Each structure stands twice: as structure tokens, then as C-alpha cells.
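# Close look at the chain arrangement
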Amino acid sequence: MKTEVFQVEGMTCASCSSAVERATRKMEGVDISNVNLSTEKLTLTYDETLIDAAKIMETVKKAGYEAKPINNDKKVKLPIEGMTCAACSQAIERKLGKMDGIDFVSVNLATEAAQIEYNPDLVRLSEIKQAISKLGYVAKEAEVKRNVDEDKIRKDKEIKDMKFKLTLSVIFAIPLFYIAMGPMIPFVTLPLPGFLSPDHNPLNFAFAQILLTLPIIWAGRNFYTVGFRQLYHRSPNMDSLIAIGTSAALLYSFFSVGQIIAGDHMAVHHMYFETAGVIIALILLGKTLETISKGKTSEAIKKLIGLTPKTAIVINGDEEIEMPVEEIELGDILIVKPGGKIAVDGSVIEGYSSIDESMLTGESIPVEKNVGDKVYSASLNKTGSLKYRAEKVGDETALAHIIKLVEEAQGSKAPIARMADIISGYFVPIVFLIAIISSAIWFISGQDIVFTLKVFISVLVIACPCALGLATPTAIMVGTGKGAELGVLVKSGGALETAHKIDTIVFDKTGTLTKGKPEVTDIYAVNGFSDADIITYAASAEYGSEHPLGESIVKKGQEMNIQRFKTDEFSAIPGRGIKAMINQSEVLLGNIKLLQENGIDPQEHLTQFDLYADEGKTPMLLAIGGKVAGIIAAADVLKDNSIEAIKRLHKLNIKTIMITGDHKKTAGAIAKYVGIDEVLAEVLPGDKAAEVKKLQETGRNVAMVGDGINDAPALAQADIGIAIGSGTDVAMESADIVLMRSDLLDVVTAIQLSRKTIRNIKQNLFWAFIYNIIGIPVAAGVLYAFGGPLLSPIFAAAAMSMSSVSVLTNALRLKTFKI
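These notes cover the structure that comes with them. (Residues numbered from 1 in each chain as written. Predicted model: local features only at pLDDT ≥ 70, side-chain atom pairs only at ≥ 80, totals over all residues. Heavy atoms only, no water.)

Right, let's talk about the overall build of the protein chain for a bit. Across its full length, the protein chain carries 29 helices and 31 strands. Long-range pairs, those at least 24 residues apart, make up 68% of the contacts in the protein chain with a sequence separation of at least 6. Working note: accessible area of the protein chain is about 37200 Å², and carbon and sulfur atoms make up 56% of it. (Helix = DSSP H or I, 4+ residues; strand = E, 2+ residues; numbered from the N terminus. Contact = heavy atoms within 4.5 Å. Areas by Shrake-Rupley, 256 points an atom, 1.4 Å probe, with all protein chains shown as cover.)

Structural data, given as C-alpha cells:
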């Protein structure tokens with residue numbers, strides 16, 4: 001199966017997206033078809049042995065739209081020096097044209113530059129430059145244009161076009177409305193020149209309106225071209241409703257002009273040019289606001305992409321060469337100076353500095369970096385200079401991965417959207433029927449053609465499938481984008497929706513609730529020894545140890561600034577501890593058996609020893625010179641916000657469970673301290689998924705939070721898998737939500753963001769449904785039947801335009817989400 005994304009042109013409402021989905025889902029070999037109206041993208045998963053991109057595009061075209069695949073090609077403008085004639089440019093074109101991965105090349109002798117489209121997976125830009133160099137020419141630094149820039153350019157152009165059309169329509173709609181309606185407004189005298197008087201010069205009055213209406217119709221011509229085309233393809237959309245409604249008004253108005261020419265001057269009162277003109281202007285207003293709002297929904301992606309540095313300093317021998325980030329190779333040594341950005345992911349090989357990684361994690365406190373530490377593309381170097389080795393470049397960097405995840409999530413469809421999709425598919429045909437039936441009923445009941453026409457136009461124009469179609473995808477786009485800003489990566493719309501139902505969260509202990517590395521928590525000194533003596537002897541004995549408990553003692557010694565003693569002899573005793581000679585004294589550090597086997601009785605100190613064990617800590621006895629000196633207790637300590645996160649989850653009425661391979665007593669002590677509701681202890685790594693499944697079988701909606709490879713099956717089994725960003729790649733791939741920080745408060749953020757987003761979607765759908773449920777009957781004349789007013793088509797158009805804008809505006813409120 002292959003998954004491919006296509007850009008679809010011509011869609012204007014939910015009926016359009018439903019039509020594309022229906023057409024593509026019917027194709028043999030198509031497994032999944034999702035259309036996002038907000039991004040105008042079709043995501044297809046299909047069997048490439050049965051169909052190909054050409055067939056898919058042909059199917060979409062038959063449905064009345066244009067589709068083109070979005071590829072990963074890069075476009076570069078490559079300045080070239082040394083060309084003197086057309087033969088030079090031809091030679092370069094021929095050479096590059098034969099290279100694998102180059103899809104297009106055009107060398108312009110006049111501008112001394114080559115326009116190249118290439119697949120970075122098949123050929124590197126540096127290889128292209130080398131090929132040019134071998135021909136005897138010099139390729140300079142390339143100007144790279146990414147596909148996402150093209151998407152932004154396309155959206156900016158669309159906004160500019162919509163603003164132009166709106167301005168044009170308003171310029172002509174205002175005088176049109178003044179001329180047409182001025183004489184009809186009671187108690188107000190709106191003067192018209194004598195030559196435009198409807199009573200004395202009705203033909204001039206009519207032709208003036210025609211002249212003012214034509215530019216408006218031209219500005220809104222897409223409504224007619226798309227609307228009637230979709231009627232032809234038997235998949236009418238919102239444009240079809242507008243096209244037929246305003247066309248009816250225009251045709252009747254031209255009929256009235258014909259009657260005026262024939263001598264019936266009373267027909268001057270039966271023209272509705274201003275209705276068609278003002279409706280188009282109002283709908284263009286709504287569409288312009290809608291287009292601007294759509295652009296704002298993808299701001300999170302633009303911000304992320306904007307973080308990527310354009311150039312980097314690469315060390316080549318004794319030289320520092322500044323080059324475009326696109327030309328950095330794996331293994332290159334780079335240098336970043338204070339205030340500069342890390343260009344690609346890598347490891348520090350020289351230097352010390354603090355790095356602002358808030359663009360990845362949302363954490364504002366800079367992270368200290370030393371030799372061996374990882375650095376990430378687009379993070380900001382604050383203080384010192386660093387040299388680092390490139391380990392991930394291009395689309396492999398953490399930032400590129402985040403951008404890809406957010407794009408995929410924004411293009412996905414939540415289950416809650418299915419209902420709106422189904423309704424949208426039937427919506428427009430039903431509205432046509434309502435318009436025809438309601439206007440026919442009024443005509444049969446004795447109303448004249450003018451009244452009937454008003455009802456027909458109003459019903460068609462007030463109906464708004466756009467509000468239904470935009471309700472879900474816009475909220476998901478803004479919600480996932482906001483999550484990315486906060487360091488919470490939600491991989492799909494489905495995950496965002498499911499997360500709001502979670503009532504049980506299972507936490508892995510080590511590395512999730514705890515830091516994953518033991519730390520010295522307690523020092524108990526006896527027999528005249530001090531805390532400093534205990535740590536001095538223990539750290540001296542353990543110096544160089546690779547055992548986690550030994551490392552924790554050495555680290556504690558560094559924190560206390562102790563002066564280490566020289567160790568003369570050292571031996572590790574498996575299952576017991578260690579023995580060393582320090583300052584001519586025998587030092588023992590380990591368990592009870594170690595001391596007993598060396599003739600030392602620790603009985604009087606075992607109460608304290610057991611107390612530490614009951615608290616879930618690992619106690620170690622220290623003996624110096626044949627007598628007990630004290631006890632050192634170490635534990636895998638809790639992360640800073642673990643307790644607070646559990647408290648907040650309880651406030652959200654979520655049950656918390658800890659799963660661990662630890663002994664029940666140890667696990668119980670930790671769970672009690674944190675406030676966890678239930679403990680699943682002594683669980684083997686391979687059984688975690690089975691435990692999650694048992695919970696699901698009792699009817700619980702379960703989220704699993706973990707960080708290790710052994711958590712991956714449980715993450716996949718859970719209704720929602722949440723991976724800690726500091727964990728393994730396997731865990732993150734298996735999860736539905738990735739927390740870029742190791743802060744468990746982000747679990748709360750993910751749940752709250754999901755709940756807020758789903759509430760926002762429900763609000764959008766409610767108002768979209770209510771608007772149509774109330775608006776269509778009012779337009780059909782229900783209020784008029786009971787003595788109320790008849791809705792003017794102009795007010796119907798204004799209401800329709802504002803319905804979509806209100807849905808988008810409500811979705812954009814999610815950008816203000818705070819923890």
C-alpha cells in the first residue's frame with residue numbers, strides 16, 4: 001500500500017470534498033480516502049499495483065475537480081559562472097538531464113543560472129554542483145525553494161485575488177444598491193439624476209443597473225463556472241446554489257428589461273439586478289474572510305518551518321565555510337557561535353554552552369550542553385561556541401519529523417467528521433428540492449412570480465454546506481498546531497478525538513513517572529561518622545563504577561564537593577557489593593550478607609535499613625575498618641511534576657494506574673507517595689499490553705504513557721498511546737501522541753487540549769446545523785405564513801457568508817488555549 005497526498009483545486013464547500021471522497025473510494029485498490037477542505041488536500045492510501053497517480057487524477061477530474069500529486073522535489077535556482085555561449089548552457093542541460101533524480105533542468109545563458117527540480121532522496125545538491133564543476137563551470141550557492149513556500153505563495157495569491165474581487169464587487173454594488181433601492185426606501189429621499197429616474201427614464205434606469213451588475217458578475221464568475229460544472233457532473237455544491245439563485249434573479253431582470261423595451265414601463269419595478277449583485281458581493285466578503293481565516297489555521301506549520309536556519313558554518317580542514325543547510329552532509333563538522341542556530345541534528349564534540357530548545361519542547365529554560373550531548377536543528381545557542389558532528393540532515397532532523405507529524409495530523413480526519421460528511425453529501429440536492437417545492441407551493445397558493453422568485457433565491461442562497469464542512473478540519477488544524485507549539489505532538493485527528501474520552505491512564509514507572517536513573521536520597525551516619533565521611537569513602541570506592549547505584553554515589557560526592565581518597569585495592573563481589581582498601585582501612589559497601597560474611601553484625605541498624613526498603617528505596621550498608629559507618633539509600637526518584645500531574649488528572653476524573661516489573665512492596669510505596677490509584681506490579685515487559693487489554697475489556701478507555709522499547713506493544717494496544725519525547729524512537733513510532741518534553745504535566749495538556757478541541761468541534765457543528773435548520777425554513781417563507789416577514793435574498797446571502805466565518809472564528813479561538 002502507498003500513501004500519497006494530492007492538491008485538489010476547485011473545492012468550495014463540504015459537498016465538494018464529499019464528492020471527491022466518494023469518487024476516489026469507489027476506485028479499485030483504494031483503502032483510505034480523506035479530503036481536508038481547509039487545506040484542499042486529498043490523502044489516499046492505495047494499492048499501486050492496481051491504480052496509479054494518473055488514474056486517481058483522472059477520477060478526480062471526472063468528479064469535476066483538478067488534482068495533482070504533492071511530491072518531495074526541491075526546486076533550486078543555481079547561479080553558474082563561466083558560460084560564454086549557448087553551447088555551454090546546452091552542455092550543462094544535457095549532463096544534468098542524464099542524472100538520476102533530476103526531473104527538470106533549464107539553463108538560462110542570459111541570467112547565468114540553472115532552474116533545477118530534483119529529488120533529494122536520489123541525488124544531492126552537492127553532486128549536481130560537482131557535475132557542473134567537471135564540465136569546467138562554477139556553480140555558486142543555490143537559492144532553494146521548498147514546496148511549503150509554494151503552498152504559502154499559493155495561499156497568499158488566493159487571498160490577494162479574493163481581496164481584489166471583493167473590492168471590485170463592493171465598488172459597483174454600492175451604487176447599484178443606491179440606484180435600485182433608493183426610490184423604494186420609505187420616509188427617505190435618496191435623490192437620483194433625472195436621466196436615471198425609474199418613472200421618467202426607465203430604460204436608462206435599467207441599463208445603468210446592467211452596467212453596474214456586469215463587473216460584479218465578472219468578479220464572482222467562479223461561482224458560475226464551478227457551480228454549473230458541478231451540476232453537469234451531478235455533484236452540485238454551494239456554488240451551484242449561488243449560481244442558480246442569482247441566475248434566476250438575473251434572467252427575470254433581463255426579462256423585465258425586455259418588457260420595458262416593449263413598452264411596459266411598470267416592469268421597471270420587477271428588476272432584481274441589485275439582488276444578484278449584492279448577493280455576490282456579500283458572498284465574496286464571506287469567502288474572503290474565510291480564505292484569510294484558513295490561512296491562519298496553518299500558521300503553526302509556517303512558524304515551525306520558519307525556525308529552520310538557512311545557512312551553517314562547516315569546518316573544512318582549517319577553514320570555516322558558510323554554506324546552505326541543504327548542502328550539509330552526514331558526518332560534517334559544524335561550529336555554532338553564541339546567538340546562532342543549530343543547523344542540523346548532531347552530537348557535540350567540543351565546547352560547552354546552553355541551548356534554548358523551546359522550539360522543540362516548549363520548555364523555556366535553556367539546556368546545558370557538553371561533549372557527547374545531542375543538539376537539534378533550529379535550537380538557539382545562547383552562550384558558548386560548540387563544535388558538533390552532523391548526524392541527521394534534511395528530512396531526518398527532529399524538526400522535520402515534527403513538521404511532518406503536524407502536517408499529517410492536520411490532513412487527517414476525525415471520526416466525528418463522518419456525520420457532517422454524510423449530511424454534506426445529501427445537503428445540496430435536498431436544498432434544491434426544498435427551494436423548488438417551497439416556491440411551487442407559494443405559487444400554487446396564489447402568490448405572484450416575484451414572491452415565488454424571492455423564496456426560491458433565498459432558500460438557495462441561505463443554505464450553507466461550507467459551515468458543516470469546515471467545522472471539524474479547521475478545529476483539528478488549529479488544535480494540533482497549538483499542541484505542537486506546546487510540545488505536544490498529536491499524530492492524527494482520530495487521536496485528538498479519542499483522547500477526550502480517556503478515563504484511565506496507565507503509567508510505566510521507570511523513565512516515565514521517575515527519572516530512570518537512581519539518585520542518593522538519604523544518608524544515615526552512625527558510630528561517630530558524618531554524612532561527608534560516608535559519601536567520601538563510598539564515592540572513592542565506587543569511582544569509575546558503571547553500576548547505576550555506584551554512579552549515583554559518585555554524583556552525590558561531586559555535588560557535595562568531596563575530596564576523593566586514593567583506592568589501593570578494589571574488588572566487586574557479585575550479589576553482595578564491593579570491597580576496597582582506602583587509607584589503610586577496609587571499606588565494605590553493599591547488602592547485609594556482605595557485612596555478615598566479613599564478620600560484621602549490622603543487626604542494630606536493620607530497622608533503618610528496612611525503613612528505607614519499605615519506602616521503595618535501595619539501601620546500602622557501609623562499613624569502614626570493621627564497623628558499620630552508616631547507610632546510603634538510593635532510589636529512582638520521581639520527576640519534578642509527577643505528583644502535580646497525577647493531582648490534575650484526578651481533577652479531570654481520570655483513574656491513574658502504575659505498571660512496573662518492581663516488587664509489589666516497592667511499587668506500592670512509590671504509588672502511594674505519588675497518589676496513583678492502582679498498582680500493577682511484577683509485570684513482565686511482554687505482558688504490559690495484555691494488562692492494558694484487560695482494562696479495555698472492562699469498558700475503560702485507556703491511555704498508556706511510556707518511554708521504552710518494551711512499552712511499544714502497550715502503547716499500540718491502548719486506545720491512546722502517549723510517548724515521552726526523551727524515550728526511544730520505537731516508543732514514539734508506536735504512540736498516537738508524543739510529548740517532546742519529559743514533563744508529565746504535558747499528559748494533562750494533551751487531555752485538556754483534546755477536550756477543548758472536541759468541544760469546539762461540537763460547537764461548530766451545532767451552530768452549523770442550527771443555522772441551516774432555522775435559516776432554510778425562514779427563507780422558505782414559514783414566518784411569512786404565520787404573519788411574519790419574508791426574508792430578503794440579500795439578507796439570506798449575508799447570513800450565509802457569516803455562518804462560515806463564524807465557524808472559522810470559533811475554531812481560531814483554540815489558538816488562545818492555555819494550560
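Right, let's get into the packing of helix α14 (residues 449-462) against helix α27 (residues 745-779). In the contact formed by α14 and α27, the axes pass within 8 Å of each other and the chain directions differ by 170°. The angle between α14 and α27 falls in the class roughly antiparallel. Across the interface between the two elements, Val455, Ser458, Val459 and Ile462 from α14 touch Tyr771, Asn772, Gly775, Ile776 and Ala779 from α27. Here the residues of the contact of α14 with α27 are counted per class, giving 6 nonpolar, 3 polar and no charged. (Axes fitted to C-alpha atoms, helices over the stretch in contact; angles between N-to-C directions. Parallel < 35°, antiparallel > 145°, perpendicular 65-115°, else oblique. Nonpolar A, V, L, I, M, F, W, Y, C, P; charged D, E, K, R; others polar.)

Another aspect to go through is unusual backbone geometry. Leave glycine aside and you will find that most residues have negative phi; peptide bonds, for their part, are mostly trans. Despite not being glycine, asparagine 561 shows a phi value in the positive range, around 55°. By secondary structure assignment, the location of asparagine 561 is in the loop between α19 (548-559) and β22 (567-573). What makes asparagine 561 exposed here is its relative accessible area of 63%. If you check the backbone angles, glutamine 584 has positive phi at about 65° while not being a glycine. By the secondary structure assignment, glutamine 584 is in the loop between β23 (577-582) and β24 (585-590). What makes glutamine 584 exposed here is its relative accessible area of 75%. (Buried < 20%, exposed > 50% of the residue type's maximum accessible area, 1.4 Å probe, protein only.)

In this section: helix α2 (residues 53-62). Three or more residues of α2 are buried, namely Ala53, Ile56, Thr59 and Val60. Down the axis of α2, the smallest arc covering the buried residues is 125°, so these residues share one side. Exposed residues lying more than 90 degrees from the buried face of α2 are Lys61 and Lys62. Backbone geometry just after α2 places glycine 64 at a positive phi near 105°. (Arc of directions from axis to C-beta.)

Our next topic: a positive patch on the surface. Taken together, Arg94, Lys95, Lys98 and Lys134 make up a surface patch of like positive charges. On the secondary structure map, lysine 134 appears in helix α4 (residues 125-134). Look at lysine 134 and you get exposed, because its relative accessible area is 73%. (Patch = residues over 30% accessible without salt bridge, like charges linked within 9 Å, V, L, I, M, F, W, Y side chains within 5 Å. Salt bridge = Lys/Arg side-chain N within 4 Å of Asp/Glu carboxyl O. Lys, Arg positive; Asp, Glu negative; His and termini not counted. Charge placed at Lys NZ, Arg CZ, Asp CG, Glu CD.)

Time to look at the sheet that holds β22. Sheet architecture is open: 6 strands sit in the order β21-β26-β25-β24-β23-β22, paired in antiparallel fashion. On the outer flanks of this sheet lie β21 (514-525) and β22, each paired with one strand and no other. Recorded for the sheet is a direction-independent mean angle of 20° between the axes of neighbouring strands. Bridge count for β22 against β23 is 6 bridges, and the pairing is antiparallel. Looking at the pairing, serine 571 lines up with lysine 579 of β23. Here helix α18 (residues 531-542) sits on the sheet in contact with β21, β22, β23, β24, β25 (618-624) and β26 (627-638), set at roughly 100° to β23. (Pairing = 2+ DSSP bridges.)

Quick look at the pairing of β26 now. Two faces make up the sheet, and in a regular strand the side chains alternate between them. Of all 12 residues that make up β26, 11 are buried, and the element is covered over most of its length. Note: β21 against β26, 8 bridges, orientation antiparallel. Looking at β26, one finds that valine 520 is bridged to alanine 634. One ladder, built from 7 bridges, connects β25 with β26; its direction is antiparallel. Among the inter-strand pairings, isoleucine 624 is bridged to a residue of β26, identified as lysine 627. Between β25 and the antiparallel strand that follows it, β26, lie 2 residues; glycine 625 among them carries a positive phi value of about 60°.

Let us now look at the nonpolar core. Core analysis: the largest hydrophobic core is formed by 62 residues, its most contacted members being Met271, Ile280, Val431, Val459 and Leu460. Contacts of valine 431, omitting those with residues within four sequence positions, involve Leu241, Val459, Leu460, Ala463 and Ile776. Formed by 47 residues, the second largest nonpolar core is a distinct cluster that contains Leu638, Ala645, Ile758 and Ile761. (Core = buried A, V, L, I, M, F, W, Y, C linked by side-chain atoms within 4.5 Å.)

We now examine the packing of aromatic side chains. A full pass over the atoms with the stated rule returns 8 aromatic pairs. On the basis of an interplanar angle of 40° and a centroid distance of 6.2 Å, the ring pair of tyrosine 252 and phenylalanine 255 is categorised as tilted. Taken together, the residues span about one helical turn, with tyrosine 252 and phenylalanine 255 both in helix α8 (residues 238-261) at a distance of 3 residues. Residue classification places tyrosine 252 among the buried positions, given a relative accessible area of 14%. For phenylalanine 255, a relative accessible area of 49% corresponds to the partly exposed category. Seen from their ring centres, tryptophan 442 and tyrosine 784 are 5.7 Å apart, and the 75° between their planes marks the pair as edge-to-face. Of this pair, tryptophan 442 sits in helix α13 (residues 417-444) while tyrosine 784 sits in helix α28 (residues 782-785), and the two are 342 residues apart along the sequence. Judged by its relative accessible area of 14%, tryptophan 442 is buried. Judged by relative accessible area, which is 32%, tyrosine 784 ranks as partly exposed. Pairwise contacts between aromatic rings join Trp442, Phe451 and Tyr784 into one cluster. (Phe/Tyr/Trp six-rings, centres within 6.5 Å; stacked < 30°, edge-to-face > 60°.)

Inspection of every chain in the model, using the stated rule, returns 17 salt bridges. Residue glutamate 350 is joined to lysine 387 by a salt bridge in which the shortest nitrogen-to-oxygen separation is 3.9 Å. Here lysine 387 lies in strand β18 (residues 386-392) and glutamate 350 lies in strand β13 (residues 345-351), a separation of 37 residues in the sequence. The salt bridge partner of aspartate 503 is arginine 700, with a shortest N-O separation of 3.6 Å. Note that aspartate 503 is positioned in the loop between α16 (493-499) and β20 (504-508) and arginine 700 in the loop between α24 (688-697) and β29 (702-706), a separation of 197 residues in sequence. Overall, the relative accessible area of 30% leaves arginine 700 in the partly exposed class.

Attention now moves to the sheet that holds strand β28 (residues 678-680). Read from one edge to the other, the open sheet built from 7 strands follows the order β19-β31-β30-β29-β20-β27-β28, with strand pairing classed as mixed. The open sheet has two free edges, formed respectively by β19 (488-490) and β28, since each of these has just one partner strand. Sheet twist, expressed as the average angle between the axes of neighbouring strands with direction ignored, equals 20°. As defined by bridge partners, strand β27 (residues 655-659) adjoins β28 across 3 bridges and the pair is classed as parallel. Its bridge partner lying in β28, isoleucine 657 is registered against glutamate 678.

Interpretation in functional terms is not warranted from these geometric data alone.
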